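Observations on the three-dimensional arrangement
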Amino acid sequence: MEELRPPVRCPRCNAQPSWREARAPGHPEDPPGRLGPHAIVGWTCNNCGYFLAASQWES
């Protein structure tokens, strides 16, 4: 399965942040299938705190 990668620039502050992965609550190492192909639900920008949902970025 292809690994999700966040965008290079933050849509809010347009900086090149280091992103923190936001994982699905409960079981951070969920097997594929229960919550989709991966446990990552999005990323948070370390500069401005903007949350980017993986579903927004994938589409």
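Described below are features of the structure shown in this document.

Conventions adopted
- Residues numbered from 1 in each chain as written.
- Predicted model: local features only at pLDDT ≥ 70, side-chain atom pairs only at ≥ 80, totals over all residues.
- Heavy atoms only, no water.
- Helix = DSSP H or I, 4+ residues; strand = E, 2+ residues; numbered from the N terminus.
- Buried < 20%, exposed > 50% of the residue type's maximum accessible area, 1.4 Å probe, protein only.
- Contact = heavy atoms within 4.5 Å.
- Areas by Shrake-Rupley, 256 points an atom, 1.4 Å probe, with all protein chains shown as cover.
- Core = buried A, V, L, I, M, F, W, Y, C linked by side-chain atoms within 4.5 Å.
- Pairing = 2+ DSSP bridges.
- Axes fitted to C-alpha atoms, helices over the stretch in contact; angles between N-to-C directions.
- Salt bridge = Lys/Arg side-chain N within 4 Å of Asp/Glu carboxyl O.

Attention now moves to the overall build of the chain. If you tally the helices and strands in the chain, you get one helix and three strands. A total of 59 residues make up the chain; the buried ones form 29% of that total. Taking the intrachain contacts of the chain between residues at least 6 apart in sequence as the baseline, contacts between residues at least 24 apart amount to 45%. Carbon and sulfur atoms form 50% of the exposed surface of the chain, whose accessible area is close to 4,200 Å².

We now examine the nonpolar core. One finds Leu4, Cys10, Trp19, Ile40, Trp43, Cys45, Leu52 and Ala54 forming the largest nonpolar core, which totals eight residues. If you tally residues by element for this core, the top one is strand S2 (residues 40-45), at three residues. Those residues in contact with isoleucine 40, other than ones at most four positions away along the chain, are Leu4, Glu21, Ala22, Arg23 and Ala54.

Time to look at the sheet that holds strand S3 (residues 51-53). Taking strand neighbours across the sheet as the criterion, the three strands line up as S1-S2-S3 in an open arrangement whose pairing is antiparallel. At either end of the open sheet lies a strand with only one pairing partner, and these are strand S1 (19-23) and S3. Across the sheet, the mean angle separating the axes of adjacent strands is 30° when strand polarity is ignored. The sheet contact formed by S2 and S3 spans three bridges and is antiparallel. When the sheet's bridge partners are listed, threonine 44 is paired in S3 with phenylalanine 51.

Time to look at the pattern of salt bridges. Counted according to the given criterion, the structure contains one salt bridge. Arginine 23 is the salt-bridge partner of glutamate 21, the closest N and O atoms lying 3.0 Å from each other.

Looking now at the side chain of threonine 44. Mapped onto the fold, threonine 44 is located in strand S2. If near-sequence neighbours (up to four positions away) are discounted, threonine 44 is found in contact with Ser18, Trp19, Arg20, Gly49, Tyr50 and Phe51.

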